[in-house]
Amino acid sequence: MIERHIVLEDIDPVSFYGVNNSHLNILKSLYPKLRIVARGNVIKVLGDDDETEKFEESIESIRKHLDHFNTLSEEDILDIVKGRKTKAESVKDVLVYSISGRAIKSRSANQQLLIDEFERCDMIFAEGPAGTGKTYLSIALAVKSLKEKVAKKIILSRPAVEAGEKLGFLPGDMKDKIDPYLQPLYDALEDMIPAAKLQDMIEKRIIQIAPLAFMRGRTLSDAVVILDEAQNTTPAQIRMFLTRMGWNTKMIITGDLTQIDLPRGQRCGLDEALTLLSGIEGIGFVRMEKKDIVRHKLVTRIVNAYERADQESKKNNHQQTTI
């Protein structure tokens, strides 16, 4: 007889054990010769040496499944213990899984192009209208790199520019003041990483979220770095950001040139960078289009309406100039 102590690392014990210990009870029924007791994130198992070793291997396989797919069912446990593939494992071309177990992967040709360019290039510009999944897909690529240990950290940044509103002075400390600008980045991360694990990764600075101004003077190595809403950067800001790139780092710069919130007369850094850096080896460019919009179908109609209005305005301005 031997007693083994198995520690469940990097996962939520509640998700592992199941509601009312339903998953744990299945494991007990599959290993009737063993005495199994779970306390917190530690499982104690007593029994024959060979049997306890098989049990420990099954636990590790189940833990890896839960960590990768963010979901675990009774059917999954049965398949893993019996040495069969689970349903989730049969789905192809998945980047990562949401906390609800939903597969996150490309949903259009240009989204797939972004994934392909990420594999091919160290720096990628993804420009296009709202709702095309630029930010969400970029963060999914970063989370995938972190899970596969290709990158050691994720660094997410945005320029702190108000979208046409004067919000005045925000209350609280520095984090309280800048968090409203960075909330869309938190939203995407919270959809892909369980809350407790995400908080731990932020505290350990494995995941860093900061406004663009905080990037000055840094060298960003061994990371996936994402600059979101880059249309609201000035030429000096985006130049500063792009030159932060260190060894073993990939950068994704996303933006929408139709939603610039810079003061009137201020040049757009993203627009300038797209022109200056075009054709440079190692930099990829992806142009998202209206057909790539994956939000509510009304978003496509709204984008079309504003595009028509913009074109009509330009036409009228041209006619007035030529008169």
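Residues numbered from 1 in each chain as written. Predicted model: local features only at pLDDT ≥ 70, side-chain atom pairs only at ≥ 80, totals over all residues. Heavy atoms only, no water.

Caption draft 1: Region of the structure containing a nonpolar patch on the surface. Side chains of L298, I302 and Y306 sit close together on the surface and give an oily, nonpolar patch of about 330 Å² of accessible area. In this structure, Y306 sits in helix 11 (residues 297-322). Assessed through its relative accessible area of 57%, Y306 is described here as exposed. (Patch = residues over 30% accessible without salt bridge, like charges linked within 9 Å, V, L, I, M, F, W, Y side chains within 5 Å. Areas by Shrake-Rupley, 256 points an atom, 1.4 Å probe, with all protein chains shown as cover. Salt bridge = Lys/Arg side-chain N within 4 Å of Asp/Glu carboxyl O. Helix = DSSP H or I, 4+ residues; strand = E, 2+ residues; numbered from the N terminus. Buried < 20%, exposed > 50% of the residue type's maximum accessible area, 1.4 Å probe, protein only.)

Caption draft 2: Spatial organisation of the nonpolar core. Core analysis: the largest hydrophobic core is formed by 35 residues, its most contacted members being I139, L189 and I207. Per element, the largest residue contribution to this core is 7 residues, and it comes from helix 6 (residues 134-147). Discounting chain neighbours no more than four positions away, the residues touching I207 are L146, I154, L189, I193, L198, M201 and I202. (Core = buried A, V, L, I, M, F, W, Y, C linked by side-chain atoms within 4.5 Å. Contact = heavy atoms within 4.5 Å.)

Caption draft 3: Examining the sheet that holds strand 3 (residues 42-47) more closely. The 3 strands lie next to each other as 1-3-2, forming an open sheet whose pairing is antiparallel. Two strands lie at the open edges of the sheet, namely strand 1 (2-7) and strand 2 (35-39), each paired on one side alone. Between one strand and the next, the sheet's axes are offset by a mean angle of 15 degrees, whatever the strand orientation. Sheet topology note: the strand 2/strand 3 ladder contains 5 bridges and is antiparallel. When the bridges of strand 3 are listed, R39 appears paired with V42. (Pairing = 2+ DSSP bridges. Axes fitted to C-alpha atoms, helices over the stretch in contact; angles between N-to-C directions.)

Caption draft 4: The arrangement of the packing of aromatic side chains in detail. Within this structure, the stated rule accounts for 4 aromatic pairs. Arranged with centres 5.9 Å apart and planes meeting at 85 degrees, the rings of F16 and Y17 form a pair that is edge-to-face. Each member of the pair, F16 as well as Y17, is classed as buried. Arranged with centres 5.2 Å apart and planes meeting at 85 degrees, the rings of Y31 and F55 form a pair that is edge-to-face. In this pair, Y31 sits in the loop between helix 2 (22-30) and strand 2 while F55 sits in helix 3 (residues 49-69), placing the two residues 24 residues apart along the sequence. Each member of the pair, Y31 as well as F55, carries the same accessibility label: buried. (Phe/Tyr/Trp six-rings, centres within 6.5 Å; stacked < 30°, edge-to-face > 60°.)

Caption draft 5: Seen up close, the sheet that holds strand 6 (residues 123-127). An order of 8-7-9-10-6-11 is seen for the 6 strands of this open sheet, with the pairing classed as parallel. Whereas interior strands pair on both sides, the edge strands pair on one side only; in this sheet they are strand 8 (207-211) and strand 11 (283-287). Across the sheet, the mean angle separating the axes of adjacent strands is 15 degrees when strand polarity is ignored. In terms of strand pairing, strand 7 (residues 153-158) meets strand 9 (residues 223-227) through 5 bridges, oriented parallel. In the sheet register, L156 faces strand 9, and the bridge partner there is I226. Along the sheet face, helix 10 (residues 269-276) touches strand 6, strand 10 (250-255) and strand 11 and points at about 125 degrees away from the line of strand 6.

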